[in-house]
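# A closer look at the structure
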Amino acid sequence: MNRLIWSRLDEAARSAALTRPVQAVAQQTRDAVAALIAQVRVQGDDALRAITARFDGVELASFEVTEREFAAAEAAVPADLRLAMVDAAERIARFHAAGMGSGYAVETAPGVVCERMLRPIGRVGLYVPAGSAPLPSTALMLGVPAQLAGCPQVVLCTPPRADGSADPAVLVAARLTGVQRVFKLGGAQAIAAMAYGTASVPACDKLFGPGNSFVTEAKQQIAQQGAAAIDMPAGPSEVLVIADAGANPAFVAADLLSQAEHGPDSQVLLLTDDAPTLAAVEAEVERQLAQLPRQQIARQALSASRLIQVDRLDEAFAISNRYAPEHLILALREPRRWLDQVQAAGSVFLGDYTPEALGDYCSGTNHVLPTAGAARAYSGVSVASFQNLISVQSASAAGLAAIGGCARVIARAEGLDAHERAVALRMEVAA
């Protein structure tokens, strides 16, 4: 990891320090993803077979998971893992149900009632990564709020393993949340299939889920093309830790490594106003790294990561808001006192005993979060992500008389005569 002293950096160096790894290869990624999407649009299932053979090294006659495969997955998943997933799903449901919105109606003027009603999105597509590691937890994070929202059709895609099967834990997690249709498809090709539809995969109204830079780029391209809506940019994982002199270096290092092991394009940052803490964390990262089975992946991620010393903790929060991390850990003695300074982050973890891994799995919050700075404007997945919010209004003759003049004045100011006439005609009849 690179050690930096923020006060000694000019603006260009500061921008470089906060640049994500994937931003450096964005054009190459865009071109490759565009070609894959075009291939799926034109060739459908044939393209999916060819691309799956090319990238996943397996030839599939069909993509949809069968009932026999679901049954085999149930038998293959250890009892303790299934119990843990049931336990996690219950907490995820409890948290998300508490934040569900409801419809409402308000009389904005005598005789004028405006309402909002909630409707589930008709068909949603969930993407569950399984590149370097399968993520059944993501199936829970997406499936639970989709189930709470009442989406009538839910499709899930996850990459096939070398033997052509889907990860058993992902399948069990999917069924725990009521998902019935799962397809063994990964990468940009899965996103394209769910967006445009093929003979096998139904086209979806909105797509959800994290992924690598290719998956994230595919989601953004299909959204720009109008093929389907997306939840948010949710790409390579990242964490930013703000630590003070009392932080436990072993805890901080473990949190940094827990994100670095996700993939070589992940990024982790530590901000602290205490030089000894920075040095101790750096040493602890090397010590713990040597014990990790995925140390090669983590080491690649650490090459683009930063240890940054600041003069004051206030400065650390300003940097964090500029970076807008997916995960923000406040390894501080009084973390809640600093919470008001957090303006942009996907999810925040307070204190020494709240590792980011709890949010990944079972605290109850959602781990599908905005990355690459998108937390400045996007929020994590919630039940509302799976709903349409539809406004309704009604006006009586008296209501029209009360507010029609307002509409006519604004319509004239905008030069939209037909708008004014639509109101005026009714006002004349109602008079």
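## Overview of the overall build of the protein chain
A tally of helices and strands in the protein chain yields 16 helices and 14 strands. Here the C-alpha coordinates of the protein chain stretch approximately 85 × 60 × 40 Å along the principal axes. In the structure as shown, the protein chain presents an accessible area of about 19300 Å², 53% of it carried by carbon and sulfur atoms. Looking at charge distribution, the protein chain has the averaged site of its 35 positive side-chain charges lying 4 Å from that of its 44 negative ones.

## Looking at the nonpolar core
With 38 residues, the main nonpolar core has V124, L126, L156, V182 and F386 as its most contacted residues. Looking at this core, the elements with two or more residues in it are α4 (67–76), α5 (79–98), β4 (123–127), α6 (136–149), β5 (153–158) and α7 (168–176). Each residue touching F386, except ones within four places of it in the same chain, is listed here: R119, P120, I121, V124, L126, L142, P145, A146, A149, C151, F208 and V381. Listed in part, the 30 residues of the second largest apolar core include L60, F63, V155 and A193.

## Observations regarding the sheet that holds β5
The five strands are arranged β6-β5-β4-β7-β8 in an open sheet whose pairing can be described as parallel. Each end of this open sheet is capped by a strand with a single partner; those strands are β6 (181–184) and β8 (229–230).

## Let's talk about the sheet that holds strand β9 (residues 238–243)
Spatially, six strands are ordered β1-β11-β10-β9-β12-β13 in an open sheet, and the strand pairing comes out parallel. Single-partner strands in this sheet number two, and they are β1 (2–5) and β13 (347–350). For this sheet the average axis-to-axis angle between neighbouring strands, irrespective of direction, equals 15 degrees. The sheet contact formed by β1 and strand β11 (residues 306–309) spans four bridges and is parallel. Bridging from a neighbouring strand, L4 pairs with I308 of β11.

## A look at the packing of aromatic side chains
Overall, the coordinates contain three aromatic pairs when judged by the stated rule. Ring geometry for F251 and Y353: centres 5.8 Å apart, planes at 70 degrees, overall edge-to-face. Linking F251 in helix α10 (residues 249–260) with Y353 in the loop between β13 and α14 (356–361), this pair joins segments that are 102 residues apart in sequence. Since its relative accessible area comes to 34%, F251 is described here as partly exposed. Taking NZ or CZ as reference, R20 lies 3.6 Å from the ring centre of Y323, over its face. R175 extends its terminal NZ or CZ atom over the ring of F70, reaching a point 3.6 Å from the ring centre.

## Remarks on helix α16 (residues 417–430)
With 14 residues, α16 should cover 20 Å at 1.5 Å per step; its first-to-last C-alpha distance of 20 Å lies within 8% of that length. The complete set of buried residues in α16 reads E420, V423 and A424. Taken end-on, α16 shows its buried residues confined to a sector of 100 degrees, consistent with a single buried face. The exposed residues of α16 that point more than 90 degrees off its buried face are A418, R421, R426 and V429.

## Observations regarding the pairing of strand β3 (residues 112–120)
Bridge count for strand β2 (residues 104–109) against β3 is five bridges, and the pairing is antiparallel. Paired with V106 across the bridge in β3 is C114. Counted between consecutive antiparallel strands, the loop separating β2 from β3 contains two residues, among which G111 sits at a positive phi close to 90 degrees. The pairing of β3 with strand β14 (residues 387–395) spans nine bridges and is classified as antiparallel. Across the sheet, residue M117 finds its bridge partner in β14, namely I390.

## So, the pattern of salt bridges
What the rule picks out here adds up to 17 salt bridges. We note a salt bridge from E64 to R181, for which the minimum N-O separation is 2.9 Å. Taken together, the positions of E64 in the loop between α3 (45–56) and α4 and R181 in strand β6 put the pair 117 residues apart, joining distant regions of the chain. Looking at R181, the relative accessible area reads 32%, which means it is partly exposed. D231 is paired through a salt bridge with K219; the nearest N and O atoms lie 2.6 Å apart. You can see D231 sitting in the loop between β8 and β9 and its partner K219 sitting in helix α9 (residues 213–224), a full 12 residues away along the chain. Neither D231 nor K219 differs from the other in exposure class; each is buried. Overlapping salt bridges, with partners in common, bring together D244, R333 and D352 in one network.

Parameters at a glance
The residue count restarts for each chain, going from 1 along the sequence in the order it is written. For this predicted model, a pLDDT threshold of at least 70 governs which residues receive local features, and a threshold of 80 or more governs which side-chain atom pairs are given and counted, while totals over whole chains, interfaces and linings are taken from all residues. Water and hydrogen atoms were dropped before computing side-chain values, which therefore reflect all heavy atoms in the structure. Helix numbering and strand numbering both begin at the N terminus, where a helix is a DSSP run of H or I of at least 4 residues and a strand a DSSP run of E of at least 2. Using a 1.4 Å probe, the Shrake-Rupley method yields the accessible areas, and only the shown protein chains count as cover for residues. The charge count treats Lys and Arg as positive and Asp and Glu as negative. His and the chain ends do not count. A charge is said to be at NZ when it belongs to Lys, at CZ for Arg, at CG for Asp and at CD for Glu. Side-chain atoms within 4.5 Å are what join buried Ala, Val, Leu, Ile, Met, Phe, Trp, Tyr and Cys residues into a set we call a nonpolar core. Classification of residues uses two cut-offs on accessible area relative to the type maximum, computed with a 1.4 Å probe and protein chains only: under 20% is buried, over 50% is exposed, and between them is partly exposed. In this analysis, two residues are considered to be in contact whenever any of their non-hydrogen atoms come within 4.5 Å of each other. One requirement defines pairing of two strands: DSSP has to find at least two bridges between them. Interaxial angles span 0 to 180 degrees and are taken between N-to-C directions of axes, which are lines fitted to C-alpha atoms, for helices over the stretch in contact. The criterion for an aromatic pair is that two Phe, Tyr or Trp rings (for Trp, the six-membered ring) have centres within 6.5 Å, with stacked assigned to planes under 30 degrees apart, edge-to-face to planes over 60 apart and tilted to the rest. Any Lys NZ or Arg CZ that is within 6 Å of a ring centre and within 35 degrees of that ring's normal is treated as a charge sitting over the ring. The span one expects for a helix is its residue count, reduced by one, times 1.5 Å. Each C-beta atom gives one direction from the helix axis, and the arc is the one those directions make. When a carboxyl oxygen of Asp or Glu lies within 4 Å of a side-chain nitrogen of Lys or Arg, that pair is called a salt bridge.

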